[in-house]
Amino acid sequence: MRSRLYVTAFLAAALALTACSSSESPRPPGPSDGRGTARPDGAELLYRGKGHASAQNPAFSPDGKSVLFTLFADGYNEGAAALRVLPLRGGGSGTPGRPGTLLDEADKAAVNLPGSSWHPSAGVAFASDRAGGRDEVWVMPPGGRPSRVTEHGGDSGYLEPSFSPDGSWIVFQELREKDAGDGGSALGSLWKVRKDGTGRTRLLDGPATGTDNRQPNWSPKGDRLVFQRRERGAHEWALYVMNADGSGLRRLTDGPGEHTDPSWSPDGRSVVFSSTAGGLDVPQIFVIPADGGRPVRVTTRDGDYDGAPSWSPDGHWIAFESHPGDEDRPTSLWRIPAPGTDGP
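The paragraphs below set out a description of the structure included in this document. Residue indices follow the written sequence of each chain, beginning from 1 at its first position. Whole-chain, interface and lining totals are the exception, using all residues; otherwise, since this is a predicted model, local features are given only for residues with pLDDT of at least 70 and side-chain atom pairs are given and counted only at 80 or more. With hydrogens and water stripped out, all remaining heavy atoms of the structure feed into the side-chain values.

Another aspect to go through is the overall build of the protein. On a plain count of helices and strands, the protein comes out with 1 helix and 28 strands. Per-residue burial over the protein gives 56% buried out of 344 residues. Long-range contacts, defined as pairs at least 24 residues apart, comprise 44% of the intrachain contacts of the protein with a sequence gap of at least 6. Comment: elements are numbered from the N terminus, with helices defined as DSSP H or I runs of at least four residues and strands as E runs of at least two. Buried, partly exposed and exposed residues are distinguished by accessible area as a fraction of the type maximum, computed with a 1.4 Å probe on protein chains only: under 20%, between the cut-offs, and over 50%, respectively. Contact definition: two residues touch when any of their heavy atoms are within 4.5 Å.

For the rest of this paragraph, the subject is the side chain of Ser 312. Counting through the fold element by element, Ser 312 comes out in the loop between β26 (304–311) and β27 (317–324). You can call Ser 312 buried: its relative accessible area is 2%. Apart from residues no more than four positions distant in its own chain, Ser 312 is found in contact with Phe 60, Pro 266 and Trp 317.

Whenever Lys or Arg places a side-chain nitrogen within 4 Å of a carboxyl oxygen from Asp or Glu, that contact is recorded as a salt bridge. This model, assessed by the stated rule, comprises 15 salt bridges. With its nearest N and O atoms 3.4 Å apart, the salt bridge here joins Arg 148 to Glu 136. Of this pair, Arg 148 sits in strand β13 (residues 147–148) while Glu 136 sits in strand β12 (residues 136–140); the two residues are 12 residues apart in sequence, bridging distant segments of the chain. The closest approach of N and O atoms between Arg 230 and Asp 212, which form a salt bridge, is 3.7 Å. With Arg 230 in strand β19 (residues 224–231) and Asp 212 in strand β18 (residues 211–218), this residue pair connects regions lying 18 residues apart in the sequence. On the basis of relative accessible area, Asp 212 is assigned to the buried category, the value being 0%. Connected via shared salt-bridge partners are Arg 39, Asp 41 and Asp 306.

The subject of this paragraph is the layout of surface pockets. Cavities and pockets are defined on a 1 Å grid built over the protein atoms alone: a cavity is a set of grid points where a 1.4 Å probe fits but cannot escape, while a pocket is an open set with protein on both sides within 12 Å along at least five of seven lines, and lining residues are those with an atom within 4 Å of any such point. Grid points are joined across faces, edges and corners, and a volume is the space filled by probe spheres set on the points. Of the voids in this model, the largest pocket is the one considered here, and its volume is about 940 Å³. If you go around the largest pocket, you meet 37 residues; those closest to its centre are Tyr 76, Asn 77, Glu 160, Gln 215 and Asp 261. Residues are grouped as follows: Ala, Val, Leu, Ile, Met, Phe, Trp, Tyr, Cys and Pro are nonpolar; Asp, Glu, Lys and Arg are charged; every other residue, Gly included, is polar. The residue inventory of the lining of the largest pocket, partitioned by class, reads 13 nonpolar, 13 polar and 11 charged.

Looking now at a negative patch on the surface. Residues Asp 74, Glu 78, Asp 281, Asp 326, Glu 327 and Asp 328 make up a contiguous surface patch of negative charge. Tracing the backbone through its elements, the reader meets Glu 78 in the loop between β6 (66–72) and β7 (81–87). Owing to a relative accessible area of 46%, Glu 78 belongs among the partly exposed residues under this scheme. Residues qualify for a patch when their relative accessible area is over 30% and they have no salt bridge, like charges being joined within 9 Å and the nonpolar side chains of Val, Leu, Ile, Met, Phe, Trp and Tyr within 5 Å. Only the protein chains shown count as covering a residue, and every accessible area follows the Shrake-Rupley method with a 1.4 Å probe. When charges are counted, Lys and Arg contribute as positive and Asp and Glu as negative, whereas His and the chain ends are disregarded. By convention, the point assigned to a charge is CZ for Arg, NZ for Lys, CD for Glu and CG for Asp.

Any two rings among Phe, Tyr and Trp, with Trp reduced to its six-membered ring, count as a pair given centres within 6.5 Å; such a pair is stacked if its planes are under 30 degrees apart, edge-to-face if over 60, and tilted if neither. Under the defined criterion, the tally for this structure stands at 5 aromatic pairs. Consider the rings of Tyr 76 and Tyr 305, whose centres lie 6.2 Å apart with planes at 80°: the pair is edge-to-face. In this pair, Tyr 76 is assigned in the loop between β6 and β7 and Tyr 305 in strand β26, connecting sequence segments 229 residues apart. An identical accessibility class is assigned to Tyr 76 and Tyr 305; each is buried. In this arrangement the basic side chain of Arg 39 is found over the ring face of Trp 334, its NZ or CZ atom lying 5.4 Å from the centre. In our convention, an over-ring charge means Lys NZ or Arg CZ found within 6 Å of a ring centre and within 35 degrees of that ring's normal. Sitting over the face of the ring of Trp 317, Arg 335 holds its NZ or CZ atom 4.4 Å from the ring centroid.

Before going further, it helps to spend a moment on the pairing of strand β17 (residues 201–204). When DSSP finds at least two bridges between two strands, those strands are taken to pair. In terms of strand pairing, strand β16 (residues 187–194) meets β17 through 3 bridges, oriented antiparallel. Residue pairing for β17: Lys 192 is matched across the bridge by Thr 201. Between β16 and β17, which pair antiparallel one after the other, the connecting turn spans 6 residues, and Gly 197 there sits at a positive phi close to 90°.

Once that is clear, we can look at the sheet that holds strand β24 (residues 284–289). Working definition: the strands of a sheet are paired by backbone hydrogen bonds and lie parallel or antiparallel to each other. Ordered in space as β22-β23-β24-β25, the 4 strands form an open sheet in which the pairing is antiparallel. Where the open sheet ends on each side, the last strands, each with one partner, are β22 (259–264) and β25 (296–297). Looking at chain direction, β22 and strand β23 (residues 270–275) are connected through 4 bridges and run antiparallel. Within β23, the residue paired with Ser 263 across the bridge is Val 272.

Across the sheet, 4 strands lie side by side as β18-β19-β20-β21; this open sheet has antiparallel pairing. Both edges of this open sheet fall to β18 and β21 (250–251), since each of them pairs with a single strand only. As paired strands, strand β20 (residues 238–243) and β21 are joined by 2 bridges and run antiparallel to one another. Across the sheet, residue Val 241 finds its bridge partner in β21, namely Arg 250.

Attention now goes to the nonpolar core. As used in this record, nonpolar core signifies buried Ala, Val, Leu, Ile, Met, Phe, Trp, Tyr and Cys residues forming a set joined through side-chain atoms within 4.5 Å. With 13 residues, the main nonpolar core has Tyr 47, Phe 69 and Leu 86 as its most contacted residues. When residues of this core are assigned to their parent elements, the largest contribution, 3 residues, is made by β6.

The next point concerns the environment of Ala 82. Summarising the element assignment, Ala 82 is placed in strand β7. Ala 82 sits in the buried class, given a relative accessible area of 4%. Considering only alpha carbons, one finds Ala 82 and Glu 105, 23 residues apart in sequence, at a separation of 7.0 Å. The contacts of Ala 82, once residues within four sequence positions are left out, are Phe 69, Thr 70, Leu 71, Leu 103, Asp 104 and Ala 110.

Within the secondary structure layout, His 119 lies in strand β10 (residues 118–119). Within the structure, His 119 has its side chain in polar contact with the backbone nitrogen of Ala 122 (distance 3.1 Å). The term polar contact refers here to a pair of N or O atoms within 3.5 Å; inside protein, the definition further demands a hydrogen-donor-capable atom paired with an acceptor-capable atom, and it admits residues adjacent in sequence only when both atoms are side-chain atoms. Among the polar contacts listed, one links the side chain of His 119 to the backbone oxygen of Pro 165, at a separation of 2.8 Å.

Following this line, the structure appears as structure tokens:
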């Protein structure tokens, strides 16, 4: 099949991506869920895909005026995946516009990480199998074409890339399914690499330590990384923080529950994440101080899955993906005022 590649330019003054227009737009609730565009907990709908399309991994643009996301064609984490950009009218506080397409290739998957995957000068970092069957790290520079960052052999995939604040480094996870241990859990390692593909350095060796380490996000100051980890054979994830050189590893979440999808507040003082803390059956959005402490619950729609959160650059909003119920199904994109704010 022919592939479709759409490349867009950044607005020079605002450093915001202006994507090619698409026939898709924010949609009212479909007959399958009967859900509205606002929730009792204060969350409001940003985007809902058509049919089985699943909108995931929202990440704000550096100026907060757009949201990057991955659109899976055939359901939650299923099928080909495209990178889309949703403009937010009114300087980021207004209603969303029509989503545009950054990269859409038939039968290929391009997936961004929620959090720091969009850098003002370096572009958008994403993982893709577009050059073959193996996932590698790629960058879409402003106004350019996709540039391959990594190339490696073996049977592992390079996934979940995020930028350092200066745009010179990218941290990512390596996932090798053959290293599955007790309970069938894979063992993921964390690496960093320069944007030009040099200096690849392993920060955490999952197989050697018997741990699965995923979804690394760089702190706004560039000194720390936050990520999720579980021990070999364990079912629950915890959040960890370490220095950007791999030293100083410490656990961030202490309580029971499934703690995943961490990313930073713009001031670096807090981490937003998805969690079943407090005995929840389905994950909700929480915030915890970056130095540790008691998590604060942000979304409160019991029975709905809320995950993959990102904080807006101005600190006012948290965007996330959500679907009704606890089974995997297509997600839509929402935003909610961050703790201590009422939005702009």
